[in-house]
Structures are given as C-alpha cells and as structure tokens.
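Tertiary structure, described
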Amino acid sequence: MSTSVDVVVIGTGPGGEDAAGRLADAGLSVVAVESRLVGGECPFFACVPTKIMARGSDLVAEARRADGRAAATAVTPDWAPVAARVADEATAHWTDQSHVDRLTARGVRVVKGRGRITAPGEVTVDGEVFRASRGVLLNTGTSPTAPPVEGLADLPYWTNRDIVKATTAPASMLVLGGGVVGAELAQIFARFGTHVTIVEVADRLLALDEPESSALVERVFAADGITVRTSAKVTSASYDGTAFTLSLPDGDLTAERLLVAAGRRPNLRDLGLEHYGVDETARAVPVDDHLRAADGLWAIGDITGKGAFTHMSMYQSAIAVRSILGEDGPPATYHAVPRVTFTDPEIGAVGLTEAQAREQGLRVRVGTTRIADSTRGWIHGSPGNEGYIKLVEDADRGVLVGATAAGPYGGEVLGALVTAVHARVPTDTLRTMIYAYPTFHRAIESALADLA
Ligand SMILES: Cc1cc2nc3c(=O)[nH]c(=O)nc-3n(C[C@H](O)[C@H](O)[C@H](O)COP(=O)(O)OP(=O)(O)OC[C@H]3O[C@@H](n4cnc5c(N)ncnc54)[C@H](O)[C@@H]3O)c2cc1C
Ligand SMILES: NC(=O)c1ccc[n+]([C@@H]2O[C@H](COP(=O)([O-])OP(=O)(O)OC[C@H]3O[C@@H](n4cnc5c(N)ncnc54)[C@H](O)[C@@H]3O)[C@@H](O)[C@H]2O)c1
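Residues numbered from 1 in each chain as written. Chains lettered and ligands numbered in written order. Predicted model: local features only at pLDDT ≥ 70, side-chain atom pairs only at ≥ 80, totals over all residues. Heavy atoms only, no water.

The name given to the protein in an unreviewed UniProt entry is NAD(P)/FAD-dependent oxidoreductase, and the organism recorded there is Actinomadura harenae. Reading the Sequence similarities (unreviewed entry) entry of the UniProt record for the protein gives the comment "Belongs to the class-I pyridine nucleotide-disulfide oxidoreductase family." (UniProt positions renumbered as here; feature names shortened; annotations may be inferred.)

Have a look at this one:
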C-alpha cells in the first residue's frame, strides 16, 4: 500500500518549509516529512534564539557604554529574561505546532518521522510509503559535529542545540571552535558574566573572513575579557562531574561548561541517496543551477554546500520550486552571497575575500577605511565604534567582487555592498553616488577613495 503525491519534501528547514508551502499553493499535492521540528535548525536552535541572545548582550554592552556618556549606570546583567524570551516567545518551548498548522492550512500533509528514499520517487517513513510523481526535494540540513579529540565523544558537552536552552549563564565556559557559532556565543555569554575561553585550532578566529576581521574580533574579545587561544591543538577532553578539562600541550583548561562549536556535518547518511546515484558520504549534494541533484531529485539548503545560511536555503527554495513546477526563471548564482556574524561589532561580508580573489588570478585592488575615522564613527564614540570597510575590486573589470562591512550595524551597511557586488555596479558609478551624512554607510565613499 502506498500513497501517491506530486512531491515529497524530506526535511523542513527554512527552505523545505517554504518550498512545501509554495508547491501546495501552486496546486500540487505535497507531503513534508520532518523527523524533529518543522522549521528546522534556524527558528529553534540557531539564528533566531542566538540573535535574541545577541540582542540581550548588545543591550548590556550599550548600557555599560552609556555610563559617563549619557547616564550613570550600574549594570547587573540578567540572563533570565533572555532565556524566557527564547523559550516562551521564539520557540514555544521547542514545539512546532504553529509551523505545522501554517503548512497544513496551505494544504501540505506534514508527516512526522524520518524519511528515507527506498526507490527513485519513493520515500518511506516508519513503514508508510509515498510515491512522488514529480519528484523528491531534500532539505535535511546539518548537525553539530565534534572533532576526533580523545575522550570528547561521550562527554555531556553543549552544542548549539543545548546552549539555546540555557536557563543561567555558567560561571565559566570553554568554547571549542572559533568559527561563527563559537564567536557569537562566546561574546554573548562573556557579556552576561561567564569567563569564556575560546580554543581554536586555526591561527585566527573567523578564519573564512578577511584577516582584518579576525584581528578586530580578537581585539574586542580581549576587551570583553574573553581568552582566545588560537593555533591550539587539544589532545584530550574529560569531565569529572562538575568541570570540563581540555588538555593542550602547554597545560589544561578547565570550566563549568564546554561548548563544542567545531563545525557541522550534512544529514545525508542512510537517506537512500544511492537510488539516485548520489554519494551519501560526500560533504555536499552536487546540484545544478536549478538545484537538480538527479532526474526527479532536488536539494536545497546547507546540504548543497553553497553557504550554510537561512537566506541561502530560502533563495534556493524559490529556484527549486520554479524548477519543479517547470517554470522559467533565473538560475542560481553565488557570486554575491552575503554573510553576517552577529558579534558586536557585526562582521558583514559578501563575495570574495582579498585572498580568494587573488587565488582566482584576478588583478586585485583593495580599499579600506576605519569606521572610527568617519564622522558617524567619531560621533558614536569609543568603545563601540570599532570596525572597518574593505572593498575588493577586480581592477580589470572595475567592479567589486567582495567587500566587508564591520562595525555598528555592519550587517545593515553591508546591504549597499551586496547590491554593488550582485549587480556588478562599476566602481566608477559607485563613486558618483551620494552617501548620506553622517551615516556609517558613508564610510563606503572613503573606502572607494582609498581604492582609487
Ligand atoms: C548556532 C547557529 C546560529 C546560526 N545563525 C544564523 C544566522 O544568524 N543567519 C543565518 O542565515 N544562518 C544562521 N545559521 C545557519 C542556519 O541555521 C542554517 O543555514 C539554516 O537552518 C538552513 O538550514 P537548512 O535549510 O539546510 O536545514 P535545517 O535548518 O538544518 O533543517 C533541516 C531539517 O531536516 C530534518 N531532517 C534531517 N534529516 C531528515 C530525514 N531523514 N527525514 C526527515 N527530516 C529530516 C531535520 O530534523 C531538520 O529539521 C546558524 C546556525 C547555527 C548552528
Ligand atoms: N550569523 C550567521 O549567519 C551564522 C551563525 C552561526 C552559524 N552559521 C553557519 O553555520 C555554519 C557552522 O558554523 P560553525 O561555527 O559551527 O562552523 P565553522 O566551520 O564556521 O567553524 C568551526 C571552527 O571550529 C574549528 N575547529 C575544528 N576542529 C577543531 C578542533 N579540534 N579544535 C579547535 N577548533 C576546531 C575550525 O577551525 C573552525 O574555525 C557556518 O559555516 C555558518 O554558515 C551562520
């Protein structure tokens, strides 16, 4: 016995949830299979709760900065309202009924359970078989992974899925991994009074960003009281019931909590991808520019390896939906992928770093400027005005191929630079624009002057 439908969506991260709804709106019969929570990582364990936490830590930092500048303040951080907002308002205590109801109202049948491809166009969930005449859309996302450190695997460490449920800020915390997750959460908890040590194996934090961003974040973290250990090789890990210990060649580090933020693995194992000739042990599912992984199989989101961001999952959803519906539309392009690390200052970036542009053999020109040197940065005052703008130009074509906007509202300032990189606006044209005074984004004009 099997149920025939048009499309089966396996995994409902932000893109899968969006795609299931859009396909149903278009009149298709859709089954959406989800093994945990409809909505995926972002609303329950990632973007939304961590950005609520960052909003809390930003408020603490700004309240402290007000002292002597605008108010006499004595700030006593309180984690309780932050934890309550995450639990009560953002995640409904990690239940997804509102997501399920929204999809159901649009005509999607939501099936809770683990989906597995059992033949081309066939998905089985707990013994129930669905035949998808148009195809299968994969949006299974990623899971946190722990590095192969002796003793680590069995310890009760936190990942992002645990720390978003924290009801108190621990007295001390080791953060294994200084990428985006580690950096954001280290600063949040440090500002709520946790003694934080980041242990990063690479020689800098945020190693995928410009080195200037790493240096900036490391300077600000030092001022936050965060200890940063880079080029650090952890040899073993242990837990004695009250404290975690990470052993390094030059000594041990100990803390009440351990957050493992050392990367993610795609949820591809045991999905039955062999029925489409796709390797389930690969780092990503190869897709074409309409998100087709094979005849009758589409994949979107983190598993495509095009950038692990909610905006990527949603962007790809729209393109995959058009492809499934047989509609024309622009193919996916990835030359202007934006990314924002929500530390304070925010590190916004788009496209290529200077090093990546050089590796591609481009004739590169760069222009930089410090936010503190801009009128708005000076008005804003220090501390709190740290940041810079960096432009990476393909000098032969006279267009930006990458940019960084780090500073207060860096993610918002980035918007103008995403437009420039996406639309390949000539830098000569950018120079003729009028930049409002005194804004943070006006610093782009100074960086363009430096570029010239
Ligand atoms: C701490 C943290 C903070 C982040 N902050 C941001 C941010 O600020 N901005 C941003 O853009 N991105 C952020 N991200 C990244 C963002 O969470 C992901 O890129 C986003 O969730 C998109 O993922 P996805 O669509 O691939 O699927 P996911 O959100 O990973 O969801 C996949 C879903 O598929 C389900 N699933 C898996 N296998 C099966 C199966 N076999 N059967 C049924 N269901 C299955 C899973 O249970 C899950 O619900 C953050 C990530 C982390 C970890
Ligand atoms: N604001 C955002 O948009 C946002 C926020 C968080 C996460 N994300 C997404 O989630 C993805 C995953 O983030 P992440 O921070 O978990 O992964 P990541 O890959 O960005 O960073 C992991 C870090 O852990 C380090 N590491 C690995 N093994 C280690 C070891 N044994 N010892 C010490 N350090 C070790 C790596 O060198 C790296 O710096 C990101 O790539 C990003 O796309 C986005």
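1. Considering the overall build of the protein
Along the protein, the regular secondary structure elements total 14 helices and 22 strands. For 452 residues, the compact-globule formula gives about 22 Å, and the C-alpha radius of gyration of the protein, at 23 Å, lands near that figure. Considered along the principal axes of its C-alpha atoms, the protein spans approximately 70 × 60 × 40 Å. In the protein, which comprises 452 residues, the proportion classed as buried is 53%. Here the protein has roughly 19,700 Å² of accessible surface; of this, 52% comes from carbon and sulfur atoms. In the protein, 42 positive and 55 negative side-chain charges are present, and the distance between their average locations comes to 2 Å. (Helix = DSSP H or I, 4+ residues; strand = E, 2+ residues; numbered from the N terminus. Rg over C-alpha atoms; globule rule 2.2 N^0.38 Å. Buried < 20%, exposed > 50% of the residue type's maximum accessible area, 1.4 Å probe, protein only. Areas by Shrake-Rupley, 256 points an atom, 1.4 Å probe, with all protein chains shown as cover. Lys, Arg positive; Asp, Glu negative; His and termini not counted. Charge placed at Lys NZ, Arg CZ, Asp CG, Glu CD.)

2. Section: the site of ligand 1
Surrounding ligand 1, one finds 36 residues, the nearest of these being E34, K51, D302, T310 and S313. One of the backbone nitrogen or oxygen atoms of C42 is found 3.5 Å away from an oxygen atom of ligand 1. Contact with the protein chains covers 92% of the free accessible surface of ligand 1, which is 1,000 Å². Listed by contribution, the elements that provide at least two residues to the shell around ligand 1 are β2 (30–34), α2 (41–45), α3 (47–66) and α9 (310–325). (Near = heavy atom within 4 Å. Polar contact = N/O pair within 3.5 Å; in protein donor to acceptor, adjacent residues only side chain to side chain.)

3. Quick word on the site of ligand 2
Neighbouring residues of ligand 2: 19 residues in total, closest V181, E184, E200, A308 and V340. Backbone polar atom of V180 to an oxygen atom of ligand 2: 3.3 Å apart, as the coordinates give it. With respect to ligand 2, the side chain of E200 contributes an N or O atom lying 2.6 Å from an oxygen atom. Per element, the largest residue contribution to the shell around ligand 2 is 3 residues, and it comes from helix α7 (residues 180–191).

4. With respect to the domain arrangement of the protein
Segmenting the protein into domains produces domain 1 (2–39 + 96–143 + 265–325), domain 2 (152–263) and domain 3 (338–451). Inter-centroid distance (C-alpha atoms) of domain 1 to domain 3 is 36 Å. (Domains from an automatic or database assignment.)

5. Observations regarding the pairing of strand β5 (residues 122–125)
Of the two faces of β5, the one holding E122 and T124 and the one holding V123 and V125 are both buried throughout. Inspection of the sheet shows strand β4 (residues 115–119) paired to β5 by 4 bridges, in the antiparallel sense. Paired with A119 across the bridge in β5 is E122. Linking β4 back to β5 in an antiparallel pair, the connection comprises 2 residues, with G121 at a positive phi of about 75 degrees. One ladder, built from 4 bridges, connects β5 with strand β6 (residues 128–138); its direction is antiparallel. Looking at β6, one finds that V125 is bridged to E128. The antiparallel pairing of β5 with β6 creates a hairpin that spans 2 residues between the two strands, and D126 there sits at a positive phi of about 45 degrees. (Pairing = 2+ DSSP bridges.)

6. Points about the UniProt feature "domain: Pyridine nucleotide-disulphide oxidoreductase dimerisation" (unreviewed entry) in the protein
As annotated by UniProt and renumbered to match this structure, "domain: Pyridine nucleotide-disulphide oxidoreductase dimerisation" (unreviewed entry) occupies residues 337–447. For residues 337–447, helix accounts for 32% and strand for 30%, while the C-alpha atoms at its two ends are 21 Å apart.

7. Remarks on the packing of helix α1 (residues 14–25) against α9
Running from N to C, α1 and α9 cross one another at 30 degrees; their axes reach a closest spacing of 8 Å. Looking at the two axes, α1 sits roughly parallel to α9. Of the two elements, α1 crosses α9, and the hand of that crossing is right-handed. Residue-level inspection shows P14, G15, D18, A19, R22 and L23 of α1 in contact with α9, the latter providing T310, S313, M314, S317, A318, V321, I324 and L325. Here the contact of α1 with α9 is built from residues that sort into 8 nonpolar, 4 polar and 2 charged. (Axes fitted to C-alpha atoms, helices over the stretch in contact; angles between N-to-C directions. Parallel < 35°, antiparallel > 145°, perpendicular 65-115°, else oblique. Left-handed = near helix turned anticlockwise from the far one by under 90°. Contact = heavy atoms within 4.5 Å. Nonpolar A, V, L, I, M, F, W, Y, C, P; charged D, E, K, R; others polar.)

8. Let's talk about the pattern of salt bridges
All chains considered together, the criterion is met by 29 salt bridges. Here R65 makes a salt bridge to D344, at a shortest N to O gap of 2.8 Å. Remark: D344 occurs in the loop between β18 (338–341) and β19 (346–351) and R65 occurs in helix α3; sequence separation between them is 279 residues. Overall, R65 belongs to the buried group, its relative accessible area being 14%. A residue is classified by how much of its surface remains accessible, and D344, at 11% relative accessible area, is buried. A network of salt bridges, in which partner residues are shared, links E62, R65, R191, D224 and D344. (Salt bridge = Lys/Arg side-chain N within 4 Å of Asp/Glu carboxyl O.)

9. Describing helix α8 (residues 211–223)
For α8, which comprises 13 residues, the first-to-last C-alpha distance of 19 Å matches the rise-based estimate of 18 Å (1.5 Å per residue) to within 8%. Within α8, the full set of buried residues consists of S213, S214, L216, V217, V220 and F221. Buried residues of α8 fall within an arc of 165 degrees about the axis and therefore sit on the same side. Exposed residues on α8 whose side chains face more than 90 degrees from its buried face are R219, A222 and A223. Elements that come into contact with the buried residues of α8 comprise α7, β9 (195–199), β10 (227–229), β19, β21 (388–394) and β22 (399–407). A positive phi of about 85 degrees marks G225, the residue just after α8. (Expected span 1.5 Å × (residues − 1). Arc of directions from axis to C-beta.)

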